[in-house]
Structure formats: structure tokens, C-alpha cells
Amino acid sequence: METLEILQIVWFVLIGVLLVGYSLLDGFDLGIGTLLPVLARNEEDTSRLFNSIGPVWDGNEVWLLTGGGALFAAFPHVYATVFSGFYLALVLVLFALIFRAVSLEFWSLDTSNRKIWKATFFIGSLLPSLLFGVALGNVITGIPLNGQMEFTGSFFTLLRPLPLATGLLGMCAIALQGTTYATVKTEGDLQARARELSVKIWMGYLILLFLAFAMTAIFNNEFIKNAGAWIFSLVTYGSLIAVRTAIRKGEDKKAFIASSVSFMGLWGIVGSLQYPALVRALDPALNLTIRNASSSQLTLTVMLVIALVGMPLVLLYTAWVYRVFKGKIQ
Amino acid sequence: MDVVLLSRIQFALNAGFHFIFPPLTLGISLVILVLETIYLKNGSEQHRILSSYVVKILALIFSLGVATGIVLEFAFGMNWSAYSRMVGDIFGAPLAAEGVFAFFLESVFLGVLIFGRNKVSKKAYWFSALMVFFASHLSSLWILIANSWMQTPAGYEIVEGRAVLVNFLEAAVNHSTLERFLHTIVAAWISGSLFLAGISSWYLIKKRDQNYARILLSLTLSIFVVTAVVQFGTGHAHSVQVAKTQPAKMAAFEALWQGQENAPMSLIGIPDKKNKTTHFELSVPSLLSFLIYFDAGKKVQGLDEVPDDEEPPILLTYLSYHAMIGLGSFFALMALIGFILLVTKKIGNATWYQWILLITIPLPLIANEVGWMAAEIGRQPWAVYQVLKTVDAASRSVPAGQILFSLIAFSLIYLLLFVVFIRLLVKIVKDGPEKIAQTREAGY
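In terms of helices and strands, chain A carries 12 helices and 2 strands. Secondary structure of chain A in N-to-C order comes out as α-α-α-α-α-α-α-α-α-α-α-β-β-α. Rg of the C-alpha trace for chain A: 20 Å, near the compact-globule value of 20 Å for 330 residues, within the 12% margin. Its C-alpha atoms put chain A at 55 × 35 × 35 Å along the principal axes. The buried share of chain A, reckoned over its 330 residues, is 58%. In chain A, the proportion of contacts linking residues at least 24 apart, taken out of those at least 6 apart, comes to 77%.

Spelled out as C-alpha cells, the structure:
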């Protein structure tokens, strides 16, 4: 295999790693936001939940920014096609993320308008949780592209059955991250509520996973033959069983870890199905793949050096900061 | 309306609104680092409380910087997909590096500054302040590397219509990176220091929290005095670099209609593109040639030597550049007076000067905006100088109606955010250092 080919594969995996990092870490604060109206019965609950994510949510969101930057650098055509093609959907995501980013700070300072800033955090979390999965479902299902790699559909092209199912599935996975994390960080009524909610979401997660599974198998005849997809499916199902067991036994940390593993499994399924494509076109000849969408060998090499130098440090001090803020919120 | 124009207006809005906040973050993180260093050295409670107070101001500003910054990370793909395809091989890497090296560092350690005073050791807390300072500056380095490459592209070759990286170091440290970085960093320190000096002045005028206010004022005013003067040097270096690497931009800065030896420097005036003349102009003969080459006799390239279809918009470029220089000169004058008041120890009682500090808080931010406008509008019609024109850079699959919708929505959202930001800033200031310093040390 040539160096360029190896680098393209490495970057396919690394983009996946960044998306996994985003899903697991920002997943739990997005999940808490999405379930805020159900989880928080009063201002004290809200305060405790916000405190559980306050010091770390911003660093968690950086995984998305870095993922976006890395996608731009490693596969510029994918970045260009998807971001311009899904314009309206991403505009909605941006509005949500803008409000989300200021909500905690505004909630804390603007004490007379707390209801508003709680609501913006809720909607600001709900929309991305849903829309990221819808977007992903579309690049798996295939989108209308022309020979210049440009999207030729409309906003409503994005709202097809399978993408909607993956959107809801993603939202469940994010919500489960949120409830299992909240269970770890809180005590008393709030914790009990989070635990109950975990069970309900777990049911929804399982049903939607089945549904998405069946739909993918019908629409995509490669699915049955894809060994990787089967293996990662087993990982996801297995870890979901572990989530349920851990919740029953009251092993909160295990539940959170198992939920995280199930999320990794989902990404594993996506990666196995997509490879070597990043974005599927309705006409498979027009797929954006790791070969026709990638940057040059030099850029991929420079980026790899940046990742190898930078990311271990990121993991190191991120782990440190989680240790600093570990324990139950008082 | 056409897609390119709408995309340009939207990008200007997004970047322009965003650019209010990061310079403040940089300047304020410097002040926090100094306060924490003093606290670490001599354990001064007042410095600790002041630092905790300033951290809360930073937290508010930073949240707006993050909110508006996410938009920019998406904007290249959304509105400028042709640009992203053509230069992604080079332009994407600094954006990714900014995330890997700077954003993570900045957000993680800012979390410690805001919430961790009682959870980490004194030294670890000081180290967090250092990391926030370092990371915010590193972040601006990467983003300015990206911007500089658009101004003075290097280290690439064109292969099948796309810019391909051939030398990373040359692309990163291109012909304008260093000058732009220094000029922008100093601008950020001016912005942050004057911002806090203005706030301290308010307490002195109101005769409350005066002990805190005096400490903060003398520290921030000292930073302002130095940076406002240093900025002449970095500004000069940056202008010389522009004249040498982007002569069309310099010609537009100065509305220099004819290339000439002994080129004059224009002080004020209103350029008239149609008649190729500048009305009501006041200028100093030979000064432009002298400033660029240290030789009045040297020739400076004029607009007559720029092909018509490569000429930047003259009026806006000229006015924004001169507004920046005007404001910079005003800051230098303020700095001189501030210096005298500091050394004669009269600053605490100079209420008139405290009023000036208070009401000039927005001026550095305006100077940042017009300086940035001069740099970006002066680069037109190019998105990447002499490589890719802006008209060829916009997305092809996005309908104009959708951009109009997002533009209107962004405008309304930013207006709302700005109003709330100002209201909460005023609230923080009114609550005062002691009350604000305690908030959030035990959480929200």
C-alpha cells in the first residue's frame, strides 16, 4: 500500500475518533440539556445539573470544533459538500449552539430571567442532538450529488425515513449519556429521577436501534455482508444489556461507561458501513471517498504530526480536570 | 440579491461580531496572569479577590466568543464551499491545529479558573491562569496564520486548479504572519487593558471599592501606556510589509492614485474613485515613501498600476485604515497623559481622566474592527491574494433566499446577545469585586 493510501485510512479513523470523543463527552452535557425540563423540577435541580457540567462542557464542545477543522483539513471536499449542502439544517444547529454557549453564563448572572436561559439551554441542546443524527443518516443513506460533488437536493431531501430514525437514535444515545452521567454526579430525588429516565430512554434506544438496523438492512444490501457492522452491532447490543444490568444494580459509573461503549459501537457500525466512502451519493459512482475527497500526502502528514503531538496532551489535562471536579455535586 | 454579496455581508457580520470578544479575552487573560502572579508571590488577598472578579468578567466575554466563534468554524464550508475545496489542503490545517493545541487548553483551564479556586493548589491555579493566557494567544496565532495565508499565500503550488501544500513552514510563517500577529496581539492588550481601566475608573468616580479600583487601574493603565506606544512600531512594521507584499492594498489605504517617488502620506480626505482624486485632502509630502523605505526618494506603487479588475474598493479601505490610525494616535495621546499621571501619582484624583478612560472603553474595539476591515476589504477582489477571487469562492449549492434568511436571523440574534451582554456586564460591575469574586467558587 502507498503512503497516501495509509494516511487516508488513518484520517478516516481519526475523524471517527474525534466524533466519538465529541459524542461521549459533549454527549452527556447535550443529553442533560435535552432532558432538562424532565430532570429539573426546580431551580435547585437546575443549579445542580448545571454545576455538574459547568466546568467541562466547553472543553467537550471543542471536540466538535476540532472535528470540523480536521475534516476541513483532511477531507476538504466532504466539509465543503456537506456544510453547503445541509445549509439550512446547519444554520438551525448554529442558532442552537450559539444560545447554548451563552445559556449557562446568562442563567447564572441574569437571575430574573432564569426561565428563559433554561429554555434556551434545553432547545439549544435538543436541536443539535436530533439534527446531527439526521445529517449522519443522510450521508449513510446517500444524498443527491452532481459530478462537481455539489448537493442538488433541498432541505426536505434530508427528512427521509432512515435519517429521521438515525436522528432519533442519536438523540437517545445522547440522552442516555446525559442521564447516566447525571446519576453519577447527583444524589437524592434528582438522582432517582435520572435513573428512572435512563431506563425509559434505554427502551427507546433499543427499539430505535432495531428499527434503524432493519431499515438499513432493507435499503442497503451490503449491510448483511459487512462483518465489521455485525461485530460493532454486537458491541452496541452487548453494552446496552450491560447498561440495564448496571442500572438495576445501582452501579452508576458502570452504566455511564457501558452507555459510552454502546455509542462507540454505533460509530463503529457507521464507520464499517461507510468505508471507504465518507459521503454516499444516490449514484454510488459519485460517492465522496477517502481517495477522491482527501488532502495531499503532505497535509495529511502534517496533520498527523499535529494530532500525535497535541491529542495525548489534550487527553492528559482533560483527565486531570475531570479528577479535579470529580464527586457528587453538593 | 446575489449569493456572493449576501455571503460577504454575512461573513462580515459573523466575523465582525465575533471580533469584539477575543481581543478582550487576550488582554484580560494577561491582567489575570499578572494578578495571580502577584498573589502567588506575596499572598495579597486583594489581588486574589480582584483576580476572581476579573475571571468572572472574562467568563462572560469568553462565552460570547465561543458562541460566535463556532459560527466561523462552520462558515467556510457553508457559505464558501468553492473556497474550501480549492484551498482546504492548506487552510484547514491551522483551523484544526487551533482546536488541538489551543481551544482545548483554553476551555479546560478556564473551567479551573472559574470553578476551581478551592479545588486546586495555589500553584495549580496560577498555572491555569498561565495556560489560559498562553492558549488564547496561541489560538490567535493559528487563526492569524490562516488569515495571513489568504493575504500573502506561500508554500503552495496550484495543481489541477487546487492549491496544494508544498512547504508547511513557509505557508504558516508566510510574508505577513509575524507582523499581523504582533499588531493584533498588541491591539488586544490595548483593548483589554483599557476595558478594565475604564471599569476601575467607574469605581473611583463613584467613590466605592476604591482600594480594589486603584490597584486594578494602576496595573491596567500601565499596560495600556506601554502597548499604546508599542502599537506604533508594530503598525509601522505591518504597513511596510503590506506596501511590499500587497502594493494594491497600500495604494488603496492611502488612495495613492499615481505611483510616484516622494509619495505623500494622506492624513484625511474623501477619495473619489470616479475622478481619481481625493477631496479635501490633507497630506504630508514624501512621508509615505520615507516611512516605507526610510528614503523619501523611493517610488511607491499607485492605483494606476493596478489592473482595473484587481482594484480594491478605495473609499471603504481608505476610511477604515485612516479611522484606525486616527484612533491609534488618540490612544498614544491618552497614554502620554496616563503616563504623566501615573509617575506623578495623581491618577487616583484625576477624575477628568478617569471619565475619559470610562467613555473610551469602546474605542479600541472600534479600532480593531476598522483595522480588520482595512485588511480584508483592502485584499479584495481577492479571497486569496492573486490566487482566488471572492466571486469564485462562494458556495454553489446554497440558494440566495436561504442566506438572506440566515443573515436576518443572525443579525437579530447578535443584537439580542449584545444587549444582554451589556446588561450583565453592567450588573457584574455594579455588584462589585467582593460580591462577584465569591460567586461560583461553590458553583452556579
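It is worth spelling out the overall build of chain B at this point. Helices and strands together make up the secondary structure of chain B, namely 14 helices and 8 strands. Summarising its shape, the C-alpha atoms of chain B cover approximately 65 × 50 × 40 Å along the three principal directions. Taking the intrachain contacts of chain B between residues at least 6 apart in sequence as the baseline, contacts between residues at least 24 apart amount to 76%.

Further remarks concern the pairing of strand β2 (residues 162-165) of chain B. Residues and elements named next belong to chain B. Covered by surrounding structure in β2 are Ala163 and Leu165 only, the residues Arg162 and Val164 on the alternate face being uncovered. Pairing of strand β1 (residues 156-159) with β2 involves 4 bridges; the strand directions are antiparallel. Looking at the pairing, Val159 lines up with Arg162 of β2. Taking the residues between adjacent antiparallel strands as the criterion, β1 and β2 are bridged by 2 residues, where Glu160 takes a positive phi near 50°.

Moving on to the nonpolar core. The biggest cluster of nonpolar side chains holds 266 residues, and the ones touching the most others in it are Cys172 and Met303 of chain A together with Val54, Ile70 and Ala96 of chain B. Per-element accounting of this core gives the leading share, 23 residues, to helix α4 (residues 81-115) of chain B. Here this core spans two domains, and each of domain 1 (19-176 + 414-444) and domain 2 (183-245 + 247-378) of chain B adds at least three residues to it. In contact with Met303 of chain A, not counting residues within four places along its chain, are Ala70, Ala73 and Ala74 of chain A together with Ala93 and Ala96 of chain B.

This part takes up unusual backbone geometry. Cis peptide bonds are those with omega within 30 degrees of zero, and the linkage from Tyr275 of chain A to Pro276 of chain A qualifies with 0°. Checked against the element boundaries, Pro276 of chain A lands in the loop between α11 (252-274) and β1 (277-279). With an omega dihedral of 5°, the bond running from Gln380 of chain B to Pro381 of chain B counts as a cis peptide bond. For Pro381 of chain B, the position within the fold is in the loop between α13 (362-377) and β7 (382-384).

Before going further, it helps to examine the interface of chain B and chain A. Contacts between the two partners involve 58 residues from chain B, matched on the other side by 56 residues from chain A. At the level of elements, α3 (45-79), α4, β2 and α14 (400-438) of chain B are the ones that each hand at least two residues to the side of chain B that touches chain A. Residue composition of the side of chain B that touches chain A, grouped by class: 35 nonpolar, 15 polar and 8 charged.

All right, on to the packing of helix α1 (residues 3-34) of chain A against helix α4 (residues 57-74) of chain A then. Describing two packed helices takes the angle between their axes plus the distance from one axis to the other. Residue and element names in this part refer to chain A. Running from N to C, α1 and α4 cross one another at 160°; their axes reach a closest spacing of 8 Å. When the axes of α1 and α4 are compared, the pair comes out roughly antiparallel. Relative to α4, the crossing made by α1 is left-handed. Between α1 and α4, the residues in contact are Trp11, Leu14, Ile15, Leu18, Leu19, Gly21, Tyr22, Leu25, Asp26 and Asp29 and Trp57, Asn60, Glu61, Trp63, Leu64, Thr66, Gly67, Ala70, Leu71 and Ala74, respectively. Residues that form the contact of α1 with α4 fall into these classes: 13 nonpolar, 4 polar and 3 charged.

Attention now moves to the domain arrangement of chain B. When the parts of a complex come together, some accessible area is lost, and that lost area is often taken as the interface size. Residue and element names in this part refer to chain B. Here chain B is partitioned into domain 1 (19-176 + 414-444) and domain 2 (183-245 + 247-378). Inter-centroid distance (C-alpha atoms) of domain 1 to domain 2 is 24 Å. With 22 residues of domain 1 in contact, the opposing surface of domain 2 contributes 27 residues. Only α2 (21-42), α3, α5 (122-151) and α14 provide two or more residues apiece to the side of domain 1 that touches domain 2. When residues in the side of domain 1 that touches domain 2 are grouped by element, the largest group, 8 residues, is from α2. Split into classes, the residues belonging to the side of domain 1 that touches domain 2 amount to 14 nonpolar, 8 polar and no charged.

With 7 of 8 residues buried, helix α9 (residues 247-254) of chain B is to be regarded as a mostly interior element. Of all the residues in α9 of chain B, the buried ones are Ala248, Lys249, Met250, Ala251, Ala252, Phe253 and Glu254 of chain B.

Moving on, we come to the packing of helix α7 (residues 177-206) of chain B against α13 of chain B. Residue and element names in this part refer to chain B. Put simply, α7 and α13 touch, their axes get as near as 9 Å, and they point 155° apart. Here α7 lies roughly antiparallel to α13, going by the angle between them. The hand of the α7/α13 crossing is left-handed. Between α7 and α13, the contacting residues are Ala187, Ile190, Ser191 and Leu194 on the first element and Pro364, Leu365, Ala367, Asn368 and Gly371 on the second. By residue class, the composition of the contact of α7 with α13 is 6 nonpolar, 3 polar and no charged.

It is worth spelling out the confidence of the model for chain B at this point. Looking at chain B, the pLDDT average stands at 96 and 99% of residues meet or exceed 70. Reported for the predicted complex are a pTM of 0.96 and an ipTM of 0.94.

Take the environment of Phe168 of chain B next. Assignment of secondary structure puts Phe168 of chain B in helix α6 (residues 168-172). Along the chain, Phe168 of chain B and Ala437 of chain B lie 269 residues apart, while their C-alpha atoms are 44 Å from each other. Sequence-distant contacts of Phe168 of chain B, that is, excluding residues within four places in its chain, are made with Val302 of chain A together with Gly155 of chain B.

Reading the values: the criteria
- Residues numbered from 1 in each chain as written.
- Chains lettered and ligands numbered in written order.
- Predicted model: local features only at pLDDT ≥ 70, side-chain atom pairs only at ≥ 80, totals over all residues.
- Helix = DSSP H or I, 4+ residues; strand = E, 2+ residues; numbered from the N terminus.
- Rg over C-alpha atoms; globule rule 2.2 N^0.38 Å.
- Buried ≥ 20, exposed ≤ 12 C-beta atoms within 10 Å, placed from the backbone.
- Contact = placed C-beta atoms within 7 Å.
- Pairing = 2+ DSSP bridges.
- Core = buried A, V, L, I, M, F, W, Y, C linked by C-beta atoms within 7 Å.
- Domains from an automatic or database assignment.
- Nonpolar A, V, L, I, M, F, W, Y, C, P; charged D, E, K, R; others polar.
- Axes fitted to C-alpha atoms, helices over the stretch in contact; angles between N-to-C directions.
- Parallel < 35°, antiparallel > 145°, perpendicular 65-115°, else oblique.
- Left-handed = near helix turned anticlockwise from the far one by under 90°.
- pLDDT = per-residue confidence, 0-100.

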